[in-house]
Amino acid sequence: MSRKVTLARKTAETDVNVTLDLDGSGRSNIDTSVAFFDHMMTLFAAHGHFDLTIAAKGDGVDTHHVLEDLGIVLGQAFAKALGDKAGITRYATVFLPMDESLCRINVDISGRPYLVWNVELTREYIGDFETEMLREFFIAFTSHSGMTIHVASLYGVNNHHIVEGIFKGFGRALKAAVAIDPDIHGIPSTKGVIE
């Protein structure tokens, strides 16, 4: 069964196109118009082993519109690619060290969007990336993927390392959570449905 989808969102503020294959090999072609975020999405795809193509343009006001809308479309893409979620592992926890920093990512593909955010950054920008947009991206992704996601930066000094660890860990956690487990038959919920 193919778990590959293509979705688009076009508004007066943004034009976002995403192609996602959950069972890929980590290949990516990313253009968000924000160089640092392109790097993060490349890492996310590589460490999640997702094939991911992103073409996203904003209105140039700042990075807010394009990165929030990308979170929306990418979240929707995961939800659609997972279908009825039969056979998925559903849960995952990853601790990811990046040099002096350590982050923890917990994922439950629950059908209940909920974000717990415990990340503090000390810089306003990393390259061309507005660091306050990190949480906004995750809010948008969580809301539209139907997942419960906990993100914690346990410690770290270098903001680049912290954010990079988060995206690598997020990729690894989603890889584990969306994986098909041969021991799980049907929907991994006593309710018989995840929505």
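Residues numbered from 1 in each chain as written. Predicted model: local features only at pLDDT ≥ 70, side-chain atom pairs only at ≥ 80, totals over all residues. Heavy atoms only, no water.

With an unreviewed UniProt entry as reference, the protein is termed Imidazoleglycerol-phosphate dehydratase, source organism Candidatus Pseudoramibacter fermentans. Under the heading Sequence similarities (unreviewed entry), UniProt records this for the protein: "Belongs to the imidazoleglycerol-phosphate dehydratase family." Note on the protein: under the UniProt heading Catalytic activity (unreviewed entry), the record states "D-erythro-1-(imidazol-4-yl)glycerol 3-phosphate = 3-(imidazol-4-yl)-2-oxopropyl phosphate + H2O". (UniProt positions renumbered as here; feature names shortened; annotations may be inferred.)

(A) Geometry of the sheet that holds strand β1 (residues 4–10). Strand order across the open sheet formed by four strands is β1-β2-β4-β3, with mixed pairing between neighbours. On the outer flanks of this sheet lie β1 and β3 (28–31), each paired with one strand and no other. The average angle at which neighbouring strand axes cross in this sheet is 5°, direction not considered. Here eight bridges tie strand β2 (residues 14–21) to strand β4 (residues 51–58), and the two strands are oriented antiparallel to one another. Bridging across to β4, D21 finds its partner in D51. (Pairing = 2+ DSSP bridges. Helix = DSSP H or I, 4+ residues; strand = E, 2+ residues; numbered from the N terminus. Axes fitted to C-alpha atoms, helices over the stretch in contact; angles between N-to-C directions.)

(B) Structural view of the nonpolar core. Core analysis: the biggest nonpolar cluster contains 56 residues, and M41, F44, F78 and F167 have the highest contact counts within it. Excluding residues that lie within four positions of it along the chain, F78 makes contacts with L20, L22, F44, F50, F141, M147 and L174. (Core = buried A, V, L, I, M, F, W, Y, C linked by side-chain atoms within 4.5 Å. Buried < 20%, exposed > 50% of the residue type's maximum accessible area, 1.4 Å probe, protein only. Contact = heavy atoms within 4.5 Å.)

(C) The sheet that holds strand β10 (residues 148–155), seen in detail. Strands sit in the order β5-β6-β10-β7 across an open sheet of four strands; the sheet is mixed. Whereas interior strands pair on both sides, the edge strands pair on one side only; in this sheet they are β5 (91–98) and β7 (114–118). Strand-to-strand twist in this sheet, taken as the mean axis angle between neighbours without regard to direction, amounts to 10°. Here five bridges tie β7 to β10, and the two strands are oriented parallel to one another. Within β10, the residue paired with L115 across the bridge is I149. Contacting β5, β6 (101–108) and β10, helix α4 (residues 159–178) runs over the sheet at an angle of about 150° to β5.

(D) A look at the packing of helix α2 (residues 64–82) against helix α3 (residues 133–145). Close contact between α2 and α3 brings their axes to 7 Å; oriented N to C, the two are set at 30°. The orientation of α2 with respect to α3, classified from their angle, is roughly parallel. When the axes of α2 and α3 are compared, the crossing they make is right-handed. In this structure, α2 uses H64, L67, E68, L70, G71, I72, L74, G75, Q76, F78 and A79 to contact α3, whose residues at the interface are M133, E136, F137, A140, F141, H144 and S145. In terms of residue class, the contact of α2 with α3 is built from ten nonpolar, six polar and two charged. (Parallel < 35°, antiparallel > 145°, perpendicular 65-115°, else oblique. Left-handed = near helix turned anticlockwise from the far one by under 90°. Nonpolar A, V, L, I, M, F, W, Y, C, P; charged D, E, K, R; others polar.)

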